[in-house]
Amino acid sequence: MFDKVIYVVNRLDGDYAYLCKQESDGSFGQDEKCVARALLPAEIEEKSMLSYEMLEYSMLP
C-alpha cells in the first residue's frame, strides 16, 4: 500500500507541478498527476526526479 513510487517533474505551472510516474520498464508514462508545489521539496525544477513513499515526496539525486 505504501510502496515507493518514482516520478519525474514534467512541467511546472504556478503553484502546481505535473508529475509522470515511472513504469515498471523504467520509462515514464504520459499521464500527468497534478500536485500542489507546497507538498513538494522547494528545490524542484522541471525534469527533477522525486520519490513518493509513506505519503511524502523527496528529491532523488
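Side note on unusual backbone geometry
- Non-glycine residue M54 carries a positive phi angle of around 55°.
- Located in the positive-phi region is L55, a residue other than glycine, with phi close to 65°.
- Of note, L55 is situated in the loop between β4 (49-53) and β5 (56-59).
- A relative accessible area of 62% places L55 in the exposed class.

Notes on the environment of K47
- Looking at where K47 falls in the secondary structure, it is placed in the loop between β3 (28-36) and β4.
- Accessibility expressed as a relative area gives 56% for K47, which makes it exposed.
- Put simply, K47 and L12 are 35 residues apart on the chain and 9.8 Å apart in space, counted from C-alpha to C-alpha.
- Once you skip the residues sitting within four places of it in the chain, K47 turns out to touch V8, V9 and N10.

Quick look at the side chain of S48
- Its place among the elements puts S48 in the loop between β3 and β4.
- Judged by relative accessible area, S48 falls into the buried class, the value being 11%.
- Aside from chain neighbours lying at most four places away, what touches S48 is Y7, V8, V9 and M59.

Some details on the sheet that holds strand β2 (residues 16-22)
- Judged by pairing direction, the sheet is antiparallel, and its five strands sit side by side in the order β3-β2-β1-β4-β5 without closing on themselves. Looking at which strands have only one partner, the edges of the open sheet turn out to be β3 and β5. Direction aside, the axes of adjacent strands within the sheet are offset by 40° on average.
- For strand β1 (residues 5-13) and β2, the ladder comprises six bridges, and the chain directions are antiparallel. Within the sheet, the bridge partner assigned to D13 lies in β2 and is Y16.

Thresholds, definitions, all that
Residues numbered from 1 in each chain as written. Predicted model: local features only at pLDDT ≥ 70, side-chain atom pairs only at ≥ 80, totals over all residues. Heavy atoms only, no water. Helix = DSSP H or I, 4+ residues; strand = E, 2+ residues; numbered from the N terminus. Buried < 20%, exposed > 50% of the residue type's maximum accessible area, 1.4 Å probe, protein only. Contact = heavy atoms within 4.5 Å. Pairing = 2+ DSSP bridges. Axes fitted to C-alpha atoms, helices over the stretch in contact; angles between N-to-C directions.

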